[in-house]
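Examination of the molecular architecture
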Amino acid sequence: MNPKTNSLPMRELIEQSLSRRSFVHILTSGACVAALTELDVHASAPETRKTSQMFQFRSIPPSIEDRVVVPEGYTAEVLYRWGDPINGESPAFQPNASNSADEQEKQAGMGHDGMEFFPLPGFDPNERGLLAINHEYTDQILLFADGIEPLPPQPMPMEKVRKSIASHGVSIVEIAKQKDGRWQVVKSPRARRITADTPMSLAGPAKEKLGTEARGTVNNCAAGRTPWGTYLTCEENFQGVFGTNASGFQPTTAQKAYGLSAEGFFYTINQKKVPGYRWWEQLPRFDLSQPNNDSERFGYVVEIDPYDPTSKPVKRTALGRFRHENSELTVAPDGRVVVYMGDDEMDQHVYKFVSEGKWDPTSKAGTGVLETSGLLDKGTLYAARFNADGTGTWLELAPGVNNIPRKSSPTDTEGFDAADIAIHSRMAAKIAGATPMDRPEWLAVHPETKEVYVTLTNNKSRHATDAANPRAKNIFGHIVRWKETNDDATSTGFKWQIFVLAGNPKNADSTNHGNTKGDFFACPDGLKFDASGVLWIQTDMSSSVMGKEGYAELGHNMMLAADPITGETRRFLTGPRGCEITGNAMTPDRKTMFVNIQHPGEPADDLSDPNMPLKVSSWPDGPNGGRPRSATIVIRKQDGGFIGS
Ligand code: FEO
Ligand code: CA
Ligand code: CA
Ligand code: CA
């Protein structure tokens, strides 16, 4: 493609994709083993790979520097850090983390993750817009000036619980390009924080059991957007904020299936489990021993109108309850809406939702008005089975279908009705025979060919391999892609293949070596196509393994551009110490890219130190700053060119 024009190479890309022997081979013969062999052939001869025509930037090496590194000719600037005020003015961040809960409610939360950019009517969309940013979780030790003191059996004080709750959720901020070309958060009537305490509605089948009201969103991992201009935020590890001090508490089978436990997320301090959150000590709705506690009201995709700060977010339970990573929405040829989703835990599944109704693009495209016609509330939920012969099947999750027993009476705890499918989706998918995957993270749909890609970040506990998860103890992860039958996202069949096995192909020491063509990486997580068809991959090697055996040569977490035709991966960005790279949004002209640096400074044992907060990283404020801070950064090309050129 010509980097000097904005013309997209899509038509050419499809033709190349369709004429590519390996892909046609896999699609027509359905022989996934052949595809794997072909990838292995590439792996043994990486020097024969073709250089991508899709991106031109010069690759950067792996890095262990405590800063963001981007290719020659590019700049990376910090835009919006944990604690920065949402109105660009006040309250100011206190570097010793002494901001109150009330102040935190007007500042960026922690753990920046998925994100989307929304143009504003009446403004140049390349110069001004709204950013919706997820705040996935809190480092409970760095969040407070004195860490998590007092420890149990003293309860966590309400002020600390409230500050933690205010650090979760979503930021909506207005950003604008200044005269010098830099982007800034500006004062805006639309600026808003949505937290774990924001009133929400609950819609879809689960409301029959749980009612129509809910409160708060947590563990907002990755995201998605709708063509009608709303933001989809996805609740992932919600089990971590629930727990109980009730003695003798035993989780039910249904709670166990979601990892709910008495301590929730915990730190190990002096060989003792210390619960990290303890919200339940102040708020019974987070106490698992309380009847009708809120644990079944989390684990959903939540729709937010980014333009109206008074609008009430809606939990879309028809899209299922699990550890949602992102939600990639596409419109099928007949107008039905399809949402692809992953459940990020070892041996969990890939899902899709197909709406019953059809979207009318002439009605309210891009307005940001929340859906009210039932498009995201009525439809069919499916889980994916990846067959060994390279075909795949979407298994409908419904009572009486695919061996899922129908509920015989209201007291029947084994059977399912529509509400149970929405609330206990994991159990329904397991019964239906969905393939247990190596931790499904983001899904991305190619803008033109509609092929679907999913990152499978790793699964160190995998013993029994299958065609779609071919490595035992898969420590580096892989990416699978598929093509729906007739290129129709509503189809119940597909053909799939492995796009790449991550890891260094030259790493002879490890049985887990990969077949990357180009720059190697491990633990793919964030995944998004830009409008030109470049597939951007972001990595999340855990702090506990970074720099250790097998991972040392990979350096810090990174972002790469991938060419879906040649398979080439090229390293574009490396992050500071202890961080993961996540979140990816672009202005429509593809000249500004927003990326999130999550949890810089995370120690290998997860135990930050309030007395030595900069012990791992001092990014982004430097040695004179108070805390490492998750932040949104802005990437631009100095010559004003497209990102990737
Ligand atoms: Fe929030 Fe699965 O990453
Ligand atoms: Ca992730
Ligand atoms: Ca991850
Ligand atoms: Ca994360």
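1. Structural notes on the overall build of the protein
Check the secondary structure of the protein and you find 10 helices and 33 strands. The globule rule puts the C-alpha radius of gyration for 645 residues at 26 Å, and the 23 Å found for the protein is close to it. For the protein, the spread of C-alpha atoms along the three principal axes comes to 65 × 65 × 55 Å. Pairs at least 24 residues apart make up 66% of the contacts formed inside the protein by residues separated by at least 6 positions. Surface accessibility of the protein: about 23,600 Å² in total, with carbon and sulfur atoms responsible for 51%. Of the side-chain charges in the protein, 69 are positive and 80 negative, and the distance between the mean point of each set is 1 Å.

2. Digging into the coordination of the calcium ion (ligand 2)
At this site the calcium ion (ligand 2) is bound by Glu325 (OE), Glu441 (OE), Asp525 (OD) and Asp525 (OD), with donor distances of 2.2 to 3.0 Å. Here the calcium ion (ligand 3) and the calcium ion (ligand 2) are spaced 3.7 Å from one another, each receiving a donor from Glu441. Of the two residues, Glu325 is situated in strand E15 (residues 324–331) and Glu441 in strand E22 (residues 440–445); the sequence distance between them amounts to 116 residues. Look at Glu325 and you get buried, because its relative accessible area is 1%.

3. Some details on helix H10 (residues 425–432)
All of the buried residues along H10 are Ser425, Arg426, Ala428, Ala429 and Ala432. Down the axis of H10, the smallest arc covering the buried residues is 165 degrees, so these residues share one side. Backbone geometry just after H10 places Gly433 at a positive phi near 95 degrees.

4. Looking at the side chain of Asp438
For Asp438, the position within the fold is in strand E21 (residues 437–438). You can call Asp438 buried: its relative accessible area is 0%. One polar contact links Asp438 to Arg462, side chain to side chain, over a distance of 2.4 Å. Once residues within four sequence positions are removed from consideration, Asp438 is found in contact with Leu456, Thr457, Asn458, Asn459, Arg462, Asn469, Arg471, Asn474 and His478.

5. With respect to the coordination of the calcium ion (ligand 4)
Coordination of the calcium ion (ligand 4) by the protein is provided by Glu136 (OE), Glu580 (OE) and Gln598 (OE1), with metal-donor distances spanning 2.4 to 2.6 Å. Sequence positions of the residues that donate to the calcium ion (ligand 4) give the spacing E-x443-E-x17-Q. Separating the calcium ion (ligand 4) from the calcium ion (ligand 2) is a gap of 4.9 Å. Here the residue Glu580 occupies a position in strand E31 (residues 580–586), and Gln598 occupies one in strand E32 (residues 592–598), the gap between them amounting to 18 residues. Here Glu580 falls in the buried class, since its relative accessible area comes to 6%. Gln598 sits in the buried class, given a relative accessible area of 0%.

Conventions adopted
- Residues numbered from 1 in each chain as written.
- Chains lettered and ligands numbered in written order.
- Predicted model: local features only at pLDDT ≥ 70, side-chain atom pairs only at ≥ 80, totals over all residues.
- Heavy atoms only, no water.
- Helix = DSSP H or I, 4+ residues; strand = E, 2+ residues; numbered from the N terminus.
- Rg over C-alpha atoms; globule rule 2.2 N^0.38 Å.
- Contact = heavy atoms within 4.5 Å.
- Areas by Shrake-Rupley, 256 points an atom, 1.4 Å probe, with all protein chains shown as cover.
- Lys, Arg positive; Asp, Glu negative; His and termini not counted.
- Charge placed at Lys NZ, Arg CZ, Asp CG, Glu CD.
- Donors = N, O, S within 2.8 Å, 3.2 Å for Na, K, Ca; no water.
- Buried < 20%, exposed > 50% of the residue type's maximum accessible area, 1.4 Å probe, protein only.
- Arc of directions from axis to C-beta.
- Polar contact = N/O pair within 3.5 Å; in protein donor to acceptor, adjacent residues only side chain to side chain.

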